[in-house]
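Understanding the architecture of this molecule
Listed below, chain by chain, are the residues.
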Amino acid sequence: MKKFTLLMALLAMFVAPELQAVEFAYDAGAEVVSSYLWRGQYNGGLSFQPDLEIGYDGDLTSLRVGVWGSVGASDWKFVKGLAEMEDYNPNTYFVPEMDVMINFNVGGLMLGATHYYYFGGSPFFNWGKFDPIEGSAGSSQTEITVGYDFRNKCEFPLTVIWNTMVAGDDLVEQEDGTLKRAFSTYIEAKYDQPLPFEMTLSLAVGMSPWASDVYGNEKFAVTNISARLEKEWEFDACSLNLFAQGCINTDKINKTKVFVWEAGDDKLYLQKLNGCIGMGVWF
């Protein structure tokens, strides 16, 4: 992670001045969502998700570092349930999350790294199958990203991104019972279509190309087909956006593949379709 961060900082230092002048930029705000949906998966119920990014932007390049978080209405109950496995509430699996990220963009090419940290344990790791460390303070995963935004060259609103986890709690069981790093990967193509009344429809298709406990698949699978309809209003001091999102996981998650062992809430884990509504304020 440190080497990757240093590489992107050096790229920004030497490439950006040659291409154009850059200026300081930031984004700060938060969203409230009825459900926390991530790459075709249900990661929690009603959640508050703050976001802060700072960096430099130019016509052809940008460098951003940021912090993103998510806290759900029942997240903290997970810690108690983890310490007392026999008494845990099967309807509260999720934990507060904080992500630290760095992203560099040059001419539409996107390079990035994200460190995911889960307070009390990872919601993706199969606690029942692989014994957790009792009293663990938390768990983490590190992911690198490579992508391309076609709007830079041909003004076509298509973005393709490849994400691979390279460190942390990302293991898969072998036939002999041993564990090895899964290098869980998610590939997504997203198309943004402007609509009347200054609305935007975002369509995305995502897939996991090989076995991963993070995405719940045992082989190649299309894990996310999603649509998001968004309306934004601009004000002098801030902007406000309202959105609705739905996603289908075609690789059906069931009790044998869900990331929490013996899930008690069939309504959340046996369905393919999830949806949410949300509101965000940005400064």
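Higher on the page you've got the structure.
Residues numbered from 1 in each chain as written. Predicted model: local features only at pLDDT ≥ 70, side-chain atom pairs only at ≥ 80, totals over all residues. Heavy atoms only, no water.

**Focus on the overall build of the chain**
From N to C terminus, the chain includes four helices and 16 strands. Counting every position in the chain, which comprises 283 residues, the buried fraction comes to 42%. The contacts of the chain with a sequence gap of at least 6 include a subset with a gap of at least 24, amounting to 57%. A total of about 15100 Å² of accessible surface is found on the chain, and carbon and sulfur atoms cover 63% of it. (Helix = DSSP H or I, 4+ residues; strand = E, 2+ residues; numbered from the N terminus. Buried < 20%, exposed > 50% of the residue type's maximum accessible area, 1.4 Å probe, protein only. Contact = heavy atoms within 4.5 Å. Areas by Shrake-Rupley, 256 points an atom, 1.4 Å probe, with all protein chains shown as cover.)

**Side note on the packing of aromatic side chains**
Geometry of an aromatic ring pair is reported as the spacing of the ring centres plus the angle between the planes. Using the criterion set out here, one finds nine aromatic pairs in the structure. Taking the centre distance of 5.7 Å and the plane angle of 55 degrees together, the rings of Y36 and W68 count as tilted. Of this pair, Y36 sits in strand β2 (residues 36-38) while W68 sits in strand β5 (residues 61-72), placing them 32 residues apart in sequence. Y36 gets classed as buried once you look at its relative accessible area, which sits at 8%. With relative accessibility at 19%, the residue W68 sits in the buried group. A centroid spacing of 5.5 Å and a plane angle of 50 degrees characterise the contact between F156 and Y191, whose relative ring orientation is tilted. Taken together, the residues span a long stretch of sequence, with F156 in the loop between α3 (151-154) and β9 (158-168) and Y191 in strand β12 (residues 185-195) at a distance of 35 residues. For F156, a relative accessible area of 41% puts it in the partly exposed group. An aromatic cluster is defined as three or more aromatic residues linked by ring pairs; in this entry it consists of W38, Y116, Y186 and Y215. (Phe/Tyr/Trp six-rings, centres within 6.5 Å; stacked < 30°, edge-to-face > 60°.)

**Notes on the environment of T142**
The topology assignment puts T142 in strand β8 (residues 138-149). You can call T142 buried: its relative accessible area is 8%. In this structure the C-alpha to C-alpha distance between T142 and Y117, which are 25 residues apart in sequence, comes to 8.8 Å.

**Description of unusual backbone geometry**
With a phi close to 60 degrees, E155 is a non-glycine residue in the positive phi region. Topologically, E155 is positioned in the loop between α3 and β9. The phi torsion at E198 lies on the positive side, around 55 degrees, for a residue other than glycine. When you line up the elements, E198 lands in the loop between β12 and β13 (199-208). We classify E198 as exposed; its relative accessible area is 64%.

**Brief notes about the pattern of salt bridges**
Within this structure, the stated rule accounts for eight salt bridges. Across the pair R228 and E31 runs a salt bridge whose closest N-O atoms are separated by 3.7 Å. Residue R228 is found in strand β14 (residues 221-234), and its partner E31 is found in strand β1 (residues 23-33); the two are separated by 197 residues along the sequence. For E31, a relative accessible area of 14% corresponds to the buried category. A salt bridge links D192 to R151; the nearest nitrogen and oxygen atoms lie 3.8 Å apart. Taken together, the residues D192 in strand β12 and R151 in helix α3 connect sequence positions 41 residues apart. Judged by its relative accessible area of 38%, R151 falls in the partly exposed class. (Salt bridge = Lys/Arg side-chain N within 4 Å of Asp/Glu carboxyl O.)

**Some points on the state of the cysteines**
In the structure shown here, the tally under the stated rule is zero disulfides. Here C247 stays unpaired: no disulfide links it, and the sulfur of C276, its closest cysteine neighbor, is 7.9 Å away. For C247, a relative accessible area of 1% corresponds to the buried category. (Disulfide = S-S within 2.5 Å.)

Note that every value here comes from positions in space, so none of it alone points to a role or purpose.
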